Protein chains: 2
Amino acid sequence: MRNTDITREQELKKGIRQFLETAPDIYMAGVSVDTVIFGFHNGKLKALLLRFGNTPYFVLPGGYVKKEENLDDAALRLLQERTGLKDIYLEQFYTVGNTSRSKEEVALELTQKMIGKIPHGNWFKQRFVSVCYYALVDDTKVNPVTEVFFTEVKWFDVNKLPKVLYDHDVIIHKALKRLQSDLDEKLVGFNLMGETFTMNELQKLYEAVYQKKFVRTNFQRKMLSLNVLERLEKHYSGKSHKAPYLYRFSESKK
Amino acid sequence: MRNTDITREQELKKGIRQFLETAPDIYMAGVSVDTVIFGFHNGKLKALLLRFGNTPYFVLPGGYVKKEENLDDAALRLLQERTGLKDIYLEQFYTVGNTSRSKEEVALELTQKMIGKIPHGNWFKQRFVSVCYYALVDDTKVNPVTEVFFTEVKWFDVNKLPKVLYDHDVIIHKALKRLQSDLDEKLVGFNLMGETFTMNELQKLYEAVYQKKFVRTNFQRKMLSLNVLERLEKHYSGKSHKAPYLYRFSESKK
């Protein structure tokens, strides 16, 4: 380890100790926020996870709620701190609150390895219920921020998730169920698509979210019957008669 | 006031003082539970509310979460304490957490009128986020329990709600939206119906939940296409050829 690395590590540890000391004055006791950040890339639905220290485990981006901060504002702040994103689609969907979630041995052990023993009765050892949100983002705009606790920020195919800590697997599963429901009901899908798209691209999004195949003609008929898509003028070029139509979501339906 | 009334009131006030003293040791800081209890009666969707003391204001049944109790178990316990009901359909749907909700002047004033001044910094004056559930019950089985804080337990048509405290109007509105979504997706309606029902009765439930009218033939076609209803054998009697069919939800779909 070079001297600069040692200095950096010492500074980070100092920062963490300061955080541990001041957190009880700044944050609500017992309430945290976790966010499942979904992105759609190359026909796959992905979730953004953070590597926990230098372990093989990952966790959801999340954190604590300030005493004078609305829940939704806490979720937005934490998301921005982690991804650099503002003005994104965020939806609260569930609060996990089993007592067992705050007693995860592996997580505690790994944390103590990083920052030293946390004494019994410490603020961080109390029980937390976590209010869960999901976010829909354009994955190309994410600017991930790493630090000593979270050494890597990585997109994972929702079908190929790594080992996660706490009940974060339950949270991701519930987020996906809720996204499926909202995709149909609230047409939130446009948050995951570019401005314009082909019917085939839209079908790929639905297939990735619902994790099943649709018949092309049925899918197209259903989508068009919703009256939320606008078909753009075809731009003619050499092979234009074979080029697929482009669509976009009607402004009034967003 | 008779002597027995005075004794009763003194005992209740003593009970409340004891509760105020012991609550911080028993319950989680900052987290409460509120439940919107829906019932379906005479073609109307109703919600169960509690009169706050002797005021014209009502509140949702709710309470605090024990330190060693899962969130869902707290919701079940509180519901049973208030209605006597066990084994009922309960669904978590939202957590309210704006800072303003814990600063409701009217509620604080009314509380202090009942039990005396609550000092600044008291456990009860801290900020609470509230995890919200909705319950679907057979209203004829509810056995309401009143006490000094909640002097009346009453069903209200969801379209004719009384004045409610805190953000409980927001909670009721969100519960109704979620019930609408779940009625279609999870077919939770059977929790609000008797064992068997006519198509007309089912339509009345859907109309009460969605707060709009449906065309009889379209409604019937849609319901039958879901493949969740079982039509019972017609029992012939004098006017039997005009008697409507009875349906029930298929066991396998519940």
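Residues numbered from 1 in each chain as written. Chains lettered and ligands numbered in written order. Predicted model: local features only at pLDDT ≥ 70, side-chain atom pairs only at ≥ 80, totals over all residues. Heavy atoms only, no water.

**So, helix 5 (residues 199–210) of chain A**
Residues and elements named next belong to chain A.
No. 1: With 12 residues, helix 5 extends 16 Å from end C-alpha to end C-alpha; this agrees with the ideal 16 Å at 1.5 Å per step.
No. 2: Along helix 5, nine of the 12 residues are buried, which leaves the element largely enclosed by surrounding structure.
No. 3: Listing the buried residues of helix 5 in full gives Met199, Leu202, Gln203, Leu205, Tyr206, Glu207, Ala208, Val209 and Tyr210.
No. 4: Elements that come into contact with the buried residues of helix 5 comprise strand 1 (27–41), strand 2 (44–52), helix 4 (168–185), helix 6 (216–225), strand 8 (229–231) and strand 9 (247–249).
No. 5: In the segment just after helix 5, Gln211 is the residue with positive phi, at about 55°. (Helix = DSSP H or I, 4+ residues; strand = E, 2+ residues; numbered from the N terminus. Expected span 1.5 Å × (residues − 1). Buried < 20%, exposed > 50% of the residue type's maximum accessible area, 1.4 Å probe, protein only. Contact = heavy atoms within 4.5 Å.)

**Remarks on the interface of chain B and chain A**
No. 1: Listed by partner, the interface residues are 26 residues for chain B and 26 residues for chain A.
No. 2: Here chain B meets chain A over a buried area of about 1900 Å², counting both sides, of which 45% is carbon and sulfur.
No. 3: For the pair chain B and chain A, the interface holds two salt bridges.
No. 4: Salt-bridge contacts for Glu68 of chain B lead to Lys103 of chain A; the nearest nitrogen and oxygen are separated by 3.2 Å.
No. 5: Inspection of the chain B/chain A interface yields 15 residue pairs in polar contact (both at pLDDT 80 or more).
No. 6: Taken together, the elements giving at least two residues each to the side of chain B that touches chain A come down to strand 1 (27–41), strand 4 (62–66), helix 2 (71–83), strand 5 (89–96), strand 6 (129–136) and helix 4 (168–185) of chain B.
No. 7: Among the residues forming the side of chain B that touches chain A, the class breakdown is nine nonpolar, eight polar and nine charged. (Buried area = accessible area lost by both parts, 1.4 Å probe. Salt bridge = Lys/Arg side-chain N within 4 Å of Asp/Glu carboxyl O. Polar contact = N/O pair within 3.5 Å; in protein donor to acceptor, adjacent residues only side chain to side chain. Nonpolar A, V, L, I, M, F, W, Y, C, P; charged D, E, K, R; others polar.)

**What to know about the relation of the copies chain B and chain A**
No. 1: Under the fitted operation, chain B is carried onto chain A by 0.0 Å of movement along the axis and a turn of 180°, and the coordinates agree to an RMSD of 0.0 Å. Within this description, the copies of the chain are treated as partners about a two-fold rotation axis.
No. 2: Most of the interface of chain B is mirrored in chain A: 100% of its interface residues are interface residues there too. (Least-squares fit on C-alpha atoms with pLDDT ≥ 70 in both.)

**With respect to the pairing of strand 2 of chain A**
All names here are of chain A.
No. 1: Pairing between strand 1 and strand 2: four bridges, direction antiparallel. Residue pairing for strand 2: His41 is matched across the bridge by Lys44.
No. 2: Following strand 1, the chain reverses through two residues before pairing antiparallel with strand 2; Asn42 in that reversal takes a positive phi of roughly 50°.
No. 3: Pairing between strand 2 and strand 7 (residues 150–157): seven bridges, direction antiparallel. Considered in strand 7, the bridge of Leu50 is made with Val153.
No. 4: Across two bridges, strand 2 lies against strand 3 (residues 58–59) in antiparallel orientation. Residue Leu50 lies in a different strand from strand 3, and its bridge partner there is Val59.
No. 5: Between strand 2 and strand 3, which pair antiparallel and follow one another directly, the connecting turn spans five residues, one of which, Gly53, has a positive phi of 60°. (Pairing = 2+ DSSP bridges.)

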